[in-house]
Structures are given as C-alpha cells and as structure tokens.
Amino acid sequence: QQQVKQSPQSLIVQKGGISIINCAYENTAFDYFPWYQQFPGKGPALLIAIRPDVSEKKEGRFTISFNKSAKQFSLHIMDSQPGDSATYFCAASIGYGQNFVFGPGTRLSVLP
Amino acid sequence: DAGITQSPRHKVTETGTPVTLRCHQTENHRYMYWYRQDPGHGLRLIHYSYGVKDTDKGEVSDGYSVSRSKTEDFLLTLESATSSQTSVYFCAIKQGANTGELFFGEGSRLTVL
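As a convention, each chain's residues are numbered from 1 in the sequence order in which they are written. As a convention, the first chain written is A and the first ligand written is 1, with the rest following in written order. Residue-level local features of this predicted model are given only where pLDDT is at least 70; pairs of side-chain atoms are given and counted only at 80 or more, and the full residue set underlies all totals for whole chains, interfaces and linings. Note: side-chain values were computed over all heavy atoms of the structure, leaving out hydrogens and water.

1. Thoughts on the state of the cysteines
Short version of the rule: Criterion for a disulfide: a pair of cysteine sulfur atoms within 2.5 Å. Per the convention used, a helix needs a DSSP run of H or I reaching at least four residues, while a strand needs a run of E reaching at least two, with both numbered from the N terminus.
Across all of its chains, the model carries two disulfides over all chains by this definition. Across a sulfur-sulfur distance of 1.9 Å, Cys23 of chain A and Cys90 of chain A are joined as a disulfide pair. Residues Cys23 of chain A and Cys90 of chain A are joined through a disulfide that is left-handed, its torsion about the S-S bond being -95 degrees. Taken together, the residues span a long stretch of sequence, with Cys23 of chain A in strand E3 (residues 19–25) and Cys90 of chain A in strand E9 (residues 86–92) at a distance of 67 residues. Covalent S-S linkage joins Cys23 of chain B and Cys91 of chain B, the inter-sulfur distance amounting to 1.9 Å.

2. A closer look at the pattern of salt bridges
Our working rule: Salt bridges are defined by distance alone: a side-chain nitrogen of Lys or Arg within 4 Å of a carboxyl oxygen of Asp or Glu. Relative accessibility under 20% of the residue-type maximum defines a buried residue, over 50% an exposed one, and the middle range a partly exposed one, all with a 1.4 Å probe and only protein chains included.
If you walk through the whole model with that rule in mind, you get 10 salt bridges over all chains. In this structure, Lys71 of chain A and Glu26 of chain A form a salt bridge, with 3.6 Å as the shortest nitrogen-oxygen distance. In this pair, Lys71 of chain A is assigned in the loop between strand E7 (62–67) and strand E8 (72–77) and Glu26 of chain A in the loop between E3 and strand E4 (33–38), connecting sequence segments 45 residues apart. For Glu26 of chain A, a relative accessible area of 45% puts it in the partly exposed group. Between Glu106 of chain B and Arg9 of chain B there is a salt bridge, with the nearest N and O atoms lying 3.3 Å from each other. Taken together, the positions of Glu106 of chain B in the loop between strand E10 (102–104) and strand E11 (108–112) and Arg9 of chain B in the loop between strand E1 (4–7) and strand E2 (10–13) put the pair 97 residues apart, joining distant regions of the chain. Assessed through its relative accessible area of 37%, Glu106 of chain B is described here as partly exposed.

What follows is the structure in structure tokens.
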C-alpha cells in the first residue's frame, strides 16, 4: 500500500511537444504529492507539488493533474525543451510527514 | 542551495569493511534524511532524524545505522558493507514540520566490491 507506481520508465519527446508522466498510488491516506526533477550528477529538486483539495496546479510550463477517485496524478510539461531533459520522480506522503514514498522515476529526453 | 555537503562524494570499498558517509548542513534545520537511489526503485528512505540524538528507521534500514550528535551533522554507517549496498546515497533536509519540500545534497556514490 506504500508503493507509488510511475510510468513510463523513459520518454522521448520532440522540442515543443508535451511530455506526460503518470503516477498511481494505493494508500488513500496520502495527501501531499510532489514532483522532483533530477539532472545527472545532482540531487533531486522539488519541481511542483499538489494537495488533493485541487484537481490541477500549474506553474509555468509544468502542470500537475490530480484524480482523487482514481488515485492517480500526472505531470504535464508543455512546450518541452532540451533543458527539461532529466529524470522525474513523483512522490507521496501523509501530510508533510517523514516518509515520502517515491516512484521509480522517468527519464525524459527532449530532442532538439 | 540549502547548504548541504556530503562526503565523500565517491568511494570504492571492499565487502565487509565499515563505511561512514557524512552529511553536513549549515542552516541548523531539524529534519535530516538519508536516502538511497537505485535504478528502478527511485529513492528509498534509510533513516531520518528529527533532532540531535533523535533518529528513526525508514523503509530500508537493515544494515545501516545513523548518528546525530550535532544539529549540523548526520552520519550514515555501514557496519560491514555488502555488494547490495552499492548505490548512490543522498542526504536531504526539510526546513520545518509544516513544509513538504526536501532539499537534497549532491549524493555519495558508493561501490562495494
């Protein structure tokens, strides 16, 4: 029940296209869903996060869509750029608790 | 930059030897974490600390111990390293109980031969 599933494992998108990464969870107690972005050789960094009281959150080209009934959430990157090429991790936690459960990651490559 | 420094950044060791990884922060945050990152598994929590001498186990704590004798330092020890502990280890801090953002260090790559 603690697992967070993430797909696809890897994604190749042309510059200007839309990148979509999906995550699903089982534990209905999760109520905080962040996305982290990681560049090679660096630690992950928070990109955007959502709580289940809203169905969508947008920050610039990045949007989280949240479907509470389906227990799914997704990251959409509009107008994808080569600089977006990185590994993306979804995560979930209960409140701002100590144990964030991470998905296995999606390696995104945006072709110029 | 949350002022997190991990050391060493790279280490190669042999099975059965002890290894200690250090995480140092400069901003006196209460919450510190050790994660390991492996392909196909994302990041998994090993141990965390919520204050000096206050630590607790995470999802994959077997074979690891931690210590926090000062606010700024959180040490991760592998008492007897095994090949299954070959991984990239990340330290993270959280700035408060009412914030969800984790700030990660740049990682320590450990290879156990």
